[in-house]
Amino acid sequence: MKIYYGAAVITGRLLDDEHEVVHHGGVAVDDDRVVAVAPLSELRNRFPQAEEVGAPDCLVMPGFVDGHHHQGVAPIRLGARAMSLERVFSHRRTLRGPALYEDTLYGAIEMLGAGITTVNHLHVGRRGPWERWRDDAETVLTAYRDAGMRVNFTFNFRDQNRLVYDGDEWFSGHLPEPLAEGMREFLAGQEVPLRSYLDDLFVGLWEVNGGNTDPYARISLAPHNLHWCSDDAIRSIMDIAGEYGVHVNMHLLESPRQKLYAHTRTGKSAIAHLHDLGVLGRDLTLLHAVWATDDDIALLSETRTRVCASVSSNLLMGSGIAQLNLMRERGVPLSLGLDEGGLNSDWNVFADMRLVQGLQHTPGAEREVITPGVLLDMAIGGAAMSTEFSGDIGSLEPGRYADLLLLDWERLNAPVGPTGPTVVDDLVYKADRSHIRAVVVGGREVVRGGTHATLDRGEIEAEIRRQLAGEPSEEDGRRLALLRQILPYVDAYWGDYGQPHNAGPQYGPSNCT
């Protein structure tokens, strides 16, 4: 039994839209679960033999949940640069990355150091034929376990339009030989039958991980995006999700070209199309939704469909600014995901919360819609709702996993001390990942003073450098050479694809016209 204590405990529970704070409080933990949250004096009376961890100048709060993640080493650190979203997908494929285990382990250490205790990992790193992907999944899950981090894992499913929006065969047919044949072979290697995706890559992993009862790994589903999925695939995935009772995450309307594609394919908006398919609802989270219209947001509100915002990613790729204020005002449930580490590729959740706040502060408005309390909930409880850990994480209350952070409250508030008006205001306005003293997952301290308890970050970094300094395998070499050769054709395609008629900023911070 342990008691984690400090000047205040933010429990993560919302009471009338305000965060519950226990001043001079503590969190009693037995094994991996919270058993009580109360003033420290009360906990000392109830559990006199408990070990005490903390200090009067600490703040205790729940661990963060990253609602949107794909890979460990952020793409910018591998050489990716700011460009339009569609071009990014092709250019990033030409970059070498480390082996999957080291990549995942490095990302886990980075996230844990930033206070992220659970990650929603939407896997896109397909390396070879789909028959190998199950092994890839096991590698990723093993890395997270070794790091002591919880993961909600899913493979993003695609069955069309892998490089351009006019189809795989169309694109291959517009390439000169021998590039055309090489591209057909490459794209064939990216295919997975829908039934195999559902039965092997979802149900198989779900069963191996205890039917989503495993304390560290849970499995869910993800049709990757409207342009990457046929209607049959979307409906089939949602049907299986309903049968197994799992949440679904789906990228949507991240860029103006995606908005145009939806109208070209369906004659309506992407969200209106999903509504017609009958898949909107509480069990679906839309990632991004930057180009959702007012009518789209009304549908999201009506169906209680969730939206996960990734503002740093959207800015880096010029995707736009989502209408989070309007979504919040209309009751759309919101969460936050870093989508590859944030602007500085350092997984600093505090910085991303402030970025959201700044971008959503309407010029001249005296009332904030996205308040510090809303932001904190987006990064913890809101993001937890899009995972299979919902109900087990996201707040510090009896019965939930003891995933928590200890922050240096005195240094965070230096030099003048707390200024308020609330503890949450001070936290969101002032905190940085450097203020985190310790990270606890399931009652076990995994990070102290920025250093992982069992893993040597320097050794992992050295191994990654060693891997990337060597020559790629013959298979990887052929793949990278092919993808670099077709880049000019992909870039030319996107240059001609066009923009929606109303391609100005969907939600701009100022009126520049």
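Engineer: Looking at this structure, how should I read the overall build of the protein?
Structural biologist: For the protein, the count of helices and strands is 20 helices and 20 strands. For a compact globule of 513 residues, the expected C-alpha radius of gyration is about 24 Å, and the protein comes in at 23 Å, within 12% of that figure. Principal-axis analysis of the C-alpha atoms gives the protein an extent of 75 × 50 × 45 Å. By residue count, 59% of the 513 residues in the protein fall in the buried class. Relative to all contacts within the protein whose residues are 6 or more apart in sequence, the contacts with residues 24 or more apart total 77%. Between the averaged position of the 47 positive side-chain charges in the protein and that of its 72 negative side-chain charges there is a distance of 2 Å.

Engineer: Any chance you could explain helix H7 (residues 179-188) here in plain terms?
Structural biologist: Side chains that are three or four residues apart share a direction in an α-helix, a result of its 3.6 residues per turn. Those residues of H7 that sit buried are Leu179, Ala180, Met183, Phe186 and Leu187. Taken end-on, H7 shows its buried residues confined to a sector of 125°, consistent with a single buried face.

Engineer: So what exactly am I meant to see when it comes to the packing of helix H11 (residues 270-277) against helix H12 (residues 294-303) here?
Structural biologist: The angle between the axes and the distance between the axes are what describe a pair of packed helices. Close contact between H11 and H12 brings their axes to 8 Å; oriented N to C, the two are set at 35°. In terms of crossing hand, the pair formed by H11 and H12 is left-handed. Facing H11, whose interface residues are Ile271, Ala272 and His275, H12 presents Asp296, Leu299, Leu300, Glu302 and Thr303.

Engineer: Explain the pattern of salt bridges to me, please; I cannot follow it from the model alone.
Structural biologist: Think of it this way: side chains of opposite charge can pair up when their charged atoms draw near. Following the criterion strictly, the structure yields 34 salt bridges and no others. What you see here is one network of salt bridges that share partners, running through Arg13, Glu20, Glu397 and Arg400.

What counts, and where the lines are drawn
- Residues numbered from 1 in each chain as written.
- Predicted model: local features only at pLDDT ≥ 70, side-chain atom pairs only at ≥ 80, totals over all residues.
- Heavy atoms only, no water.
- Helix = DSSP H or I, 4+ residues; strand = E, 2+ residues; numbered from the N terminus.
- Rg over C-alpha atoms; globule rule 2.2 N^0.38 Å.
- Buried < 20%, exposed > 50% of the residue type's maximum accessible area, 1.4 Å probe, protein only.
- Contact = heavy atoms within 4.5 Å.
- Lys, Arg positive; Asp, Glu negative; His and termini not counted.
- Charge placed at Lys NZ, Arg CZ, Asp CG, Glu CD.
- Arc of directions from axis to C-beta.
- Axes fitted to C-alpha atoms, helices over the stretch in contact; angles between N-to-C directions.
- Left-handed = near helix turned anticlockwise from the far one by under 90°.
- Salt bridge = Lys/Arg side-chain N within 4 Å of Asp/Glu carboxyl O.

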